[in-house]
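Coordinate inspection notes
Read off the chains here:
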Amino acid sequence: MSERRPSPVSKNARNGGNGRSTRRSVWRRAGPPDPDTAELPHPGSGTAAAPGEQPSIVEAALYRDGVRVSTPTTLAETYRELRDQPSGMAWIGLARPTSDELHSLAAEFGLHPLAVEDAMEAHQRPKLERYGDTLFVVLRAARYLDAPEEVDFAELHVFVGPDFVITVRHGAAPDLSAVRRRMEDSPDLLKLGPEAVLYAILDAVVDGYAPVVSGVQNDIDEIETEVFRGDPEVSRRIYELSRETVEFQRATRPLVGMLHGLMAGFAKYETDEELQRYLRDVADHVTHISERVDGFRQALTEILTVNATLVTQEQNAEMRALAEAGFEQNEEIKKISSWAAILFAPTLVGTIYGMNFRKMPELHWVLGYPFAIFLMAVVCTSLYFIFKRKDWL
């Protein structure tokens, strides 16, 4: 750009102030990015790929005064044309790059080895770090998948220098091609330089959180209905959504501090006031979303507690019903046992005197029969009153 405002980055870190040197071109292939969200090559870019392969470098472009002036097809061509455009800006987009590609960029633009290592490894927490005059930003993008009703997370690394922006994407989101189109349709904003591109990327990531918030809110509403309906599978769904909410919280909460730090740096380096207003708007949105996510986590904790209480109440009711059934069954057994004992007494007497032994003293006794009947009646009556007194009858 012909006139650049003071920036938090400068050009000296690329090669230690020795000027650019010719570097070998690195144009290797990596795993194909998501076809639905990958940046599409600009018409006329001339980017060639082997059949069935996608380039790791999805798109590279040079801009001057907010207008695209060139679309290089290789890294070497990008380096050469940027040297020929001292007031230009390069915007290079990569998806799952190889280590050779990142090392080539690091050698050309003076990227710090620690930042390059983070970009290769991925699985980083959201953060903002400054290495000399280069900013390194790690973002966690998210999108809500309607069919499985779950949140998909991706990682985006952004290198911002005095005249370059390098994006390294690990995952499907965000759709950086839409960000590029938006900036190219707003040359007044794009001519503000790499800081404006960083703002646009941050804004796209934060805007992508809105559908996720709506989707999670709908899931929570559905879970509340299932909890009071007694759905047996609701506990698993609460647990899974709680894990997604924790991941969402880890993606959004660090952004609040990052954006405030970035705004402080922009103010220090006298970045365009309008761009600072845009950034404050993004910070407000992030704060609002972070508060919503915190509320989701609290709500899920409360729902889990309510569900546990309802399950406990249901289990207690079932155990009480089982206890009552057992008590009733025990009462019936008592009655049956009591009557069995009462009837056993005359059976025993009758059995003894029915053994037909010839020498039994009572057989020839005149009062033997009345005595046996009287004995049966006394025993049965005694047992009856004993069981009655114990409430068995």
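For the structure itself, look to the data block above.
Residues numbered from 1 in each chain as written. Predicted model: local features only at pLDDT ≥ 70, side-chain atom pairs only at ≥ 80, totals over all residues. Heavy atoms only, no water.

Let us now look at the overall build of the protein. Summing up its helical and strand segments, the protein has nine helices and nine strands in all. Looking at the protein as a whole, 43% of its 393 residues qualify as buried. A fraction of 69% describes how many contacts in the protein between residues 6 or more apart in sequence connect residues 24 or more apart. A total of about 20700 Å² of accessible surface is found on the protein, and carbon and sulfur atoms cover 55% of it. (Helix = DSSP H or I, 4+ residues; strand = E, 2+ residues; numbered from the N terminus. Buried < 20%, exposed > 50% of the residue type's maximum accessible area, 1.4 Å probe, protein only. Contact = heavy atoms within 4.5 Å. Areas by Shrake-Rupley, 256 points an atom, 1.4 Å probe, with all protein chains shown as cover.)

Turning our eyes to something else, we now look at the packing of helix α6 (residues 194-229) against helix α8 (residues 273-352). Running from N to C, α6 and α8 point in directions that differ by 20°, and their axes come no closer than 9 Å. Judged by the inter-axis angle, α6 sits roughly parallel to α8. The chirality of how α6 crosses α8 is left-handed. Tallied by class, the residues present in the contact of α6 with α8 amount to 22 nonpolar, three polar and five charged. (Axes fitted to C-alpha atoms, helices over the stretch in contact; angles between N-to-C directions. Parallel < 35°, antiparallel > 145°, perpendicular 65-115°, else oblique. Left-handed = near helix turned anticlockwise from the far one by under 90°. Nonpolar A, V, L, I, M, F, W, Y, C, P; charged D, E, K, R; others polar.)

Attention now goes to the environment of Val-379. Mapped onto the elements of the fold, Val-379 is located in helix α9 (residues 368-389). Val-379 gets classed as partly exposed once you look at its relative accessible area, which sits at 30%. As for Val-379 and Ile-342, which are separated by 37 residues in sequence, their C-alpha atoms are 7.7 Å apart.

Moving on, we come to the packing of aromatic side chains. Two aromatic rings, taken as a pair, are described by how far apart their centres are and by the angle between their planes. All told, the structure shown has nine aromatic pairs when counted by the stated rule. When the centroid spacing of 6.2 Å and the interplanar angle of 50° are considered together, the rings of Tyr-63 and Trp-91 count as tilted. Here Tyr-63, found in strand β3 (residues 57-64), pairs with Trp-91, found in strand β5 (residues 89-95); they are 28 residues apart in sequence, far enough to count as distant. By the burial criterion, Tyr-63 is buried, and Trp-91 matches it. Between Phe-153 and Phe-248, the aromatic rings sit 6.4 Å apart at their centres with planes inclined by 55°, giving tilted as the arrangement. Placement of Phe-153 in strand β8 (residues 150-160) and of Phe-248 in helix α7 (residues 234-268) is noted, with a sequence separation of 95 residues between them. Counting every residue linked through ring pairs, the aromatic cluster contains Tyr-79, Phe-109 and Phe-164. (Phe/Tyr/Trp six-rings, centres within 6.5 Å; stacked < 30°, edge-to-face > 60°.)

Right, let's talk about the environment of Glu-224 for a bit. Positionally, Glu-224 belongs in helix α6. Under the relative-accessibility criterion, Glu-224 is labelled partly exposed at 35%. Taking the C-alpha atoms as reference points, Glu-224 and Leu-304, 80 residues apart in sequence, are found 9.7 Å from one another.

Below, the discussion takes up the nonpolar core. Counting 57 residues, the largest nonpolar core has Leu-139, Met-183 and Ile-201 as its most contacted members. The greatest single-element share of this core, amounting to 16 residues, is contributed by α6. Apart from residues lying up to four places away in sequence, Ile-201 is in contact with Leu-139, Leu-156, Val-158, Val-165, Thr-167, Leu-176 and Val-179. Residues Ala-60, Leu-82, Ile-92 and Phe-109 belong to the second largest nonpolar core, which totals 23 residues. (Core = buried A, V, L, I, M, F, W, Y, C linked by side-chain atoms within 4.5 Å.)

The interhelical angle for the contact between helix α1 (residues 75-84) and helix α2 (residues 99-109), taken along N-to-C directions, is 15°, at an axis separation of 11 Å. As far as their axial angle goes, α2 and α1 are roughly parallel. Taken as a pair, α1 and α2 cross one another with a handedness that is right-handed. Residue-level inspection shows Leu-75, Tyr-79, Leu-82 and Arg-83 of α1 in contact with α2, the latter providing Glu-101, Ser-104, Leu-105, Glu-108 and Phe-109. Classifying every residue of the contact of α1 with α2 by side-chain character gives five nonpolar, one polar and three charged.

The values reported here are purely geometric and, on their own, carry no functional implication.
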